[in-house]
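# Chains, contacts and geometry: an overview
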Amino acid sequence: QVRGLHNMDLELRPSVLHFGRGNWTNPSVAALAIDSSTIQVDSLVLVNGEQTLALDGVLTRDRTRPLAFDLHHVDLANFEPFLGGPSLSGGVSGSGRLFDVYGNPFLSSNLTLDSLLVEDKPVGDIRFQADWSEESGSVALIGELTRGPLKALNFVGRMDPKANNALDLDLVFDRFDLAFIDPYLPEGISDIQGLVTGTVEVSGNLQQPLVNGVVDLQHAGLRIDYLNTLYTF
(Lines give C-alpha, C1' and ligand atoms only; values in the text may rest on other atoms or scores of the structure.)
Protein backbone atom coordinates (compact mmCIF):
# COMPACT_ATOMS: atom_id res chain seq x y z
CA GLN A 1 0.00 0.00 0.00
CA VAL A 2 1.49 3.34 -1.12
CA ARG A 3 0.44 6.32 0.96
CA GLY A 4 2.84 8.86 -0.60
CA LEU A 5 6.18 9.31 -2.36
CA HIS A 6 8.15 8.18 0.71
CA ASN A 7 5.38 6.53 2.69
CA MET A 8 4.27 2.94 2.10
CA ASP A 9 3.37 -0.36 3.75
CA LEU A 10 4.93 -3.59 2.50
CA GLU A 11 4.35 -7.27 3.19
CA LEU A 12 7.22 -9.73 2.82
CA ARG A 13 5.49 -12.96 1.90
CA PRO A 14 7.18 -16.37 2.45
CA SER A 15 10.29 -16.33 0.27
CA VAL A 16 13.93 -17.43 0.11
CA LEU A 17 16.93 -15.23 0.88
CA HIS A 18 20.59 -16.16 0.51
CA PHE A 19 23.25 -14.73 2.81
CA GLY A 20 26.02 -16.17 4.94
CA ARG A 21 25.81 -19.91 4.32
CA GLY A 22 22.69 -21.52 2.88
CA ASN A 23 19.19 -20.30 2.16
CA TRP A 24 17.01 -18.50 4.72
CA THR A 25 13.23 -18.48 4.51
CA ASN A 26 10.55 -16.44 6.26
CA PRO A 27 7.72 -18.93 6.87
CA SER A 28 5.28 -16.19 7.91
CA VAL A 29 4.33 -12.86 6.36
CA ALA A 30 6.32 -9.96 7.82
CA ALA A 31 5.14 -6.34 7.73
CA LEU A 32 7.36 -3.37 6.91
CA ALA A 33 6.24 0.25 7.12
CA ILE A 34 8.38 2.91 5.41
CA ASP A 35 7.92 6.58 6.23
CA SER A 36 10.72 8.75 4.80
CA SER A 37 13.87 7.62 6.66
CA THR A 38 11.98 5.47 9.18
CA ILE A 39 11.55 1.74 8.54
CA GLN A 40 9.33 -0.22 10.93
CA VAL A 41 9.95 -3.99 10.95
CA ASP A 42 7.19 -6.13 12.46
CA SER A 43 8.04 -9.76 13.28
CA LEU A 44 10.46 -10.73 10.52
CA VAL A 45 11.62 -14.30 11.27
CA LEU A 46 14.20 -16.06 9.06
CA VAL A 47 14.88 -19.79 9.34
CA ASN A 48 17.74 -21.91 7.98
CA GLY A 49 17.49 -25.47 9.29
CA GLU A 50 17.87 -25.18 13.09
CA GLN A 51 19.07 -21.60 12.78
CA THR A 52 16.66 -18.73 13.47
CA LEU A 53 17.06 -14.96 13.15
CA ALA A 54 14.22 -12.66 14.23
CA LEU A 55 14.00 -8.87 13.73
CA ASP A 56 11.50 -6.49 15.27
CA GLY A 57 11.64 -2.73 15.81
CA VAL A 58 12.58 0.34 13.87
CA LEU A 59 15.39 1.93 11.85
CA THR A 60 15.07 5.65 12.49
CA ARG A 61 16.92 8.88 13.23
CA ASP A 62 15.50 8.75 16.76
CA ARG A 63 18.51 7.51 18.81
CA THR A 64 16.24 6.10 21.54
CA ARG A 65 14.31 3.64 19.33
CA PRO A 66 16.16 0.40 18.47
CA LEU A 67 15.90 -2.46 16.04
CA ALA A 68 15.83 -5.61 18.20
CA PHE A 69 17.11 -9.00 17.10
CA ASP A 70 17.06 -12.55 18.45
CA LEU A 71 19.37 -15.37 17.37
CA HIS A 72 18.93 -19.09 17.94
CA HIS A 73 21.84 -21.40 17.20
CA VAL A 74 23.08 -19.34 14.25
CA ASP A 75 26.23 -21.05 12.91
CA LEU A 76 29.37 -19.00 13.53
CA ALA A 77 30.48 -19.95 10.00
CA ASN A 78 28.01 -17.30 8.72
CA PHE A 79 30.28 -14.60 10.18
CA GLU A 80 33.60 -15.92 8.79
CA PRO A 81 33.86 -13.21 6.08
CA PHE A 82 33.86 -10.57 8.85
CA LEU A 83 36.23 -12.32 11.27
CA GLY A 84 39.12 -13.73 9.27
CA GLY A 85 41.79 -15.69 11.12
CA PRO A 86 41.45 -19.35 12.12
CA SER A 87 38.46 -21.50 11.19
CA LEU A 88 35.69 -21.16 13.79
CA SER A 89 32.47 -23.08 14.34
CA GLY A 90 29.74 -23.13 16.96
CA GLY A 91 26.20 -21.88 17.51
CA VAL A 92 25.33 -18.31 18.54
CA SER A 93 22.13 -17.64 20.51
CA GLY A 94 20.89 -14.56 22.33
CA SER A 95 19.45 -11.12 21.73
CA GLY A 96 20.47 -7.53 21.16
CA ARG A 97 19.45 -4.07 20.01
CA LEU A 98 20.81 -1.73 17.34
CA PHE A 99 20.47 2.04 17.90
CA ASP A 100 21.09 5.23 15.86
CA VAL A 101 21.70 3.49 12.53
CA TYR A 102 21.70 6.84 10.65
CA GLY A 103 24.12 8.58 13.03
CA ASN A 104 26.69 6.77 15.19
CA PRO A 105 25.34 3.19 15.25
CA PHE A 106 25.55 1.40 18.59
CA LEU A 107 24.93 -2.30 19.21
CA SER A 108 24.27 -3.93 22.59
CA SER A 109 23.87 -7.70 22.93
CA ASN A 110 23.90 -10.63 25.35
CA LEU A 111 24.93 -13.83 23.62
CA THR A 112 25.91 -17.45 24.16
CA LEU A 113 28.35 -19.26 21.90
CA ASP A 114 27.83 -23.02 22.28
CA SER A 115 30.44 -25.68 21.48
CA LEU A 116 33.04 -23.32 20.02
CA LEU A 117 35.70 -25.04 17.91
CA VAL A 118 38.90 -23.33 16.72
CA GLU A 119 40.54 -25.26 13.88
CA ASP A 120 38.56 -28.34 15.04
CA LYS A 121 39.93 -28.01 18.60
CA PRO A 122 37.20 -27.84 21.28
CA VAL A 123 37.17 -24.60 23.29
CA GLY A 124 33.85 -24.72 25.15
CA ASP A 125 30.81 -22.51 25.74
CA ILE A 126 31.12 -18.73 25.99
CA ARG A 127 28.53 -16.48 27.63
CA PHE A 128 29.23 -12.81 27.02
CA GLN A 129 28.00 -9.28 26.57
CA ALA A 130 29.18 -7.52 23.42
CA ASP A 131 28.73 -3.77 22.84
CA TRP A 132 29.87 -2.13 19.59
CA SER A 133 29.82 1.46 18.40
CA GLU A 134 30.77 2.94 15.05
CA GLU A 135 32.30 5.90 16.88
CA SER A 136 34.85 3.85 18.85
CA GLY A 137 35.23 1.20 16.16
CA SER A 138 35.74 -1.52 18.77
CA VAL A 139 33.68 -4.23 20.43
CA ALA A 140 33.61 -4.17 24.25
CA LEU A 141 33.49 -7.73 25.63
CA ILE A 142 32.84 -9.22 29.05
CA GLY A 143 31.99 -12.85 29.78
CA GLU A 144 33.09 -16.31 30.81
CA LEU A 145 34.28 -19.54 29.21
CA THR A 146 33.17 -23.00 30.39
CA ARG A 147 33.22 -26.58 29.13
CA GLY A 148 30.65 -28.82 30.79
CA PRO A 149 31.22 -28.61 34.55
CA LEU A 150 34.66 -26.98 34.11
CA LYS A 151 34.90 -23.19 34.28
CA ALA A 152 37.98 -21.90 32.50
CA LEU A 153 38.08 -18.14 32.96
CA ASN A 154 36.40 -14.75 32.93
CA PHE A 155 37.42 -12.21 30.33
CA VAL A 156 37.04 -8.47 29.82
CA GLY A 157 38.38 -6.11 27.18
CA ARG A 158 38.04 -5.09 23.55
CA MET A 159 38.41 -6.29 19.99
CA ASP A 160 38.80 -3.83 17.11
CA PRO A 161 37.45 -5.24 13.80
CA LYS A 162 38.67 -2.17 11.88
CA ALA A 163 42.28 -2.72 13.03
CA ASN A 164 42.71 -6.32 11.84
CA ASN A 165 40.74 -7.66 14.81
CA ALA A 166 43.23 -6.22 17.31
CA LEU A 167 42.82 -7.59 20.85
CA ASP A 168 43.09 -5.94 24.26
CA LEU A 169 41.77 -8.52 26.74
CA ASP A 170 42.38 -9.64 30.31
CA LEU A 171 41.82 -13.34 31.01
CA VAL A 172 41.14 -13.91 34.71
CA PHE A 173 41.77 -17.44 36.02
CA ASP A 174 40.30 -18.40 39.40
CA ARG A 175 41.32 -21.96 40.31
CA PHE A 176 41.12 -22.94 36.64
CA ASP A 177 41.28 -26.74 36.24
CA LEU A 178 44.15 -27.68 33.91
CA ALA A 179 42.11 -30.69 32.75
CA PHE A 180 40.39 -28.14 30.50
CA ILE A 181 43.43 -28.04 28.17
CA ASP A 182 43.72 -31.83 27.84
CA PRO A 183 42.52 -31.77 24.18
CA TYR A 184 45.49 -29.52 23.27
CA LEU A 185 48.25 -31.68 24.77
CA PRO A 186 50.88 -32.98 22.33
CA GLU A 187 51.15 -36.71 21.78
CA GLY A 188 53.02 -38.43 24.60
CA ILE A 189 51.68 -36.23 27.41
CA SER A 190 48.52 -37.02 29.40
CA ASP A 191 46.82 -36.71 32.79
CA ILE A 192 47.47 -32.99 33.12
CA GLN A 193 46.13 -31.73 36.44
CA GLY A 194 46.19 -28.82 38.85
CA LEU A 195 44.60 -25.44 39.47
CA VAL A 196 45.62 -22.09 37.98
CA THR A 197 44.95 -18.64 39.45
CA GLY A 198 46.06 -15.33 37.94
CA THR A 199 45.55 -12.79 35.16
CA VAL A 200 46.86 -13.00 31.61
CA GLU A 201 46.88 -10.13 29.12
CA VAL A 202 46.10 -10.85 25.46
CA SER A 203 47.18 -8.39 22.76
CA GLY A 204 48.08 -8.78 19.09
CA ASN A 205 45.10 -9.81 16.97
CA LEU A 206 42.70 -12.68 16.42
CA GLN A 207 45.05 -14.25 13.88
CA GLN A 208 48.21 -13.94 16.03
CA PRO A 209 47.37 -13.31 19.69
CA LEU A 210 50.17 -12.35 22.08
CA VAL A 211 49.85 -13.67 25.63
CA ASN A 212 51.65 -12.29 28.69
CA GLY A 213 51.03 -12.76 32.39
CA VAL A 214 51.84 -14.48 35.67
CA VAL A 215 49.79 -17.29 37.22
CA ASP A 216 50.03 -19.51 40.29
CA LEU A 217 49.90 -23.30 39.88
CA GLN A 218 48.55 -25.49 42.68
CA HIS A 219 49.02 -29.27 42.78
CA ALA A 220 49.95 -29.31 39.09
CA GLY A 221 51.25 -32.31 37.22
CA LEU A 222 51.36 -34.29 33.99
CA ARG A 223 52.26 -37.78 32.82
CA ILE A 224 55.01 -38.64 30.33
CA ASP A 225 53.46 -41.62 28.57
CA TYR A 226 56.74 -43.14 27.33
CA LEU A 227 58.04 -43.32 30.91
CA ASN A 228 54.57 -43.92 32.44
CA THR A 229 55.64 -41.45 35.09
CA LEU A 230 53.51 -38.72 36.68
CA TYR A 231 55.50 -35.56 37.40
CA THR A 232 54.06 -33.08 39.89
CA PHE A 233 55.09 -29.53 40.63
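Thresholds applied
- Residues numbered from 1 in each chain as written.
- Predicted model: local features only at pLDDT ≥ 70, side-chain atom pairs only at ≥ 80, totals over all residues.
- Heavy atoms only, no water.
- Phe/Tyr/Trp six-rings, centres within 6.5 Å; stacked < 30°, edge-to-face > 60°.
- Buried < 20%, exposed > 50% of the residue type's maximum accessible area, 1.4 Å probe, protein only.
- Lys NZ or Arg CZ within 6 Å of the ring centre and 35° of its normal.
- Salt bridge = Lys/Arg side-chain N within 4 Å of Asp/Glu carboxyl O.
- pLDDT = per-residue confidence, 0-100.
- Helix = DSSP H or I, 4+ residues; strand = E, 2+ residues; numbered from the N terminus.
- Core = buried A, V, L, I, M, F, W, Y, C linked by side-chain atoms within 4.5 Å.
- Contact = heavy atoms within 4.5 Å.

### Quick word on the packing of aromatic side chains
Describing an aromatic ring pair means giving the distance of the ring centres and the angle of the ring planes. Here the structure, examined in full by the defined rule, presents two aromatic pairs. Ring centres 5.3 Å apart and planes at 45° place the aromatic pair Phe 173 and Phe 176 in the tilted group. For the pair shown, Phe 173 and Phe 176 are each scored as buried. Taking the centre distance of 5.7 Å and the plane angle of 65° together, the rings of Phe 176 and Phe 180 count as edge-to-face. For Phe 176, a relative accessible area of 6% translates into the label buried. Through pairs of rings, three or more aromatic residues link up here, namely Phe 173, Phe 176 and Phe 180. It is Arg 61 that lies over the ring of Tyr 102; its NZ or CZ is 4.9 Å from the centre. Residue placement shows Arg 147 over the ring face of Phe 180; its charged tip is 3.9 Å from the ring centre.

### Structural notes on the pattern of salt bridges
Counted under the stated rule, the structure contains five salt bridges. Its salt-bridge partner being Arg 13, residue Glu 11 comes within 3.3 Å of it at the nearest N-O pair. Here Glu 11 matches Arg 13 in class, with each residue exposed. Two residues, Arg 63 and Asp 100, come together in a salt bridge whose shortest N-O distance is 3.0 Å.

### Notes on the confidence of the model for the chain
For the chain, per-residue confidence averages 89 on the pLDDT scale, and residues scoring 70 or more make up 95% of the total. Of all the helices and strands in the chain, strand S1 (residues 2–4) carries the lowest mean pLDDT, 63, while strand S8 (residues 67–75) carries the highest, 95.

### Examining the nonpolar core
Side chains of nonpolar character tend, in soluble globular proteins, to be buried together. Core analysis: the biggest nonpolar cluster contains 40 residues, and Phe 128 and Leu 141 have the highest contact counts within it. Counting residues per element, this core draws most heavily on strand S14 (residues 166–177), at five residues. Sequence-distant contacts of Phe 128, defined by excluding residues within four places in its chain, comprise Ser 109, Asn 110, Leu 111, Leu 113, Leu 141, Ile 142, Gly 143 and Phe 155.

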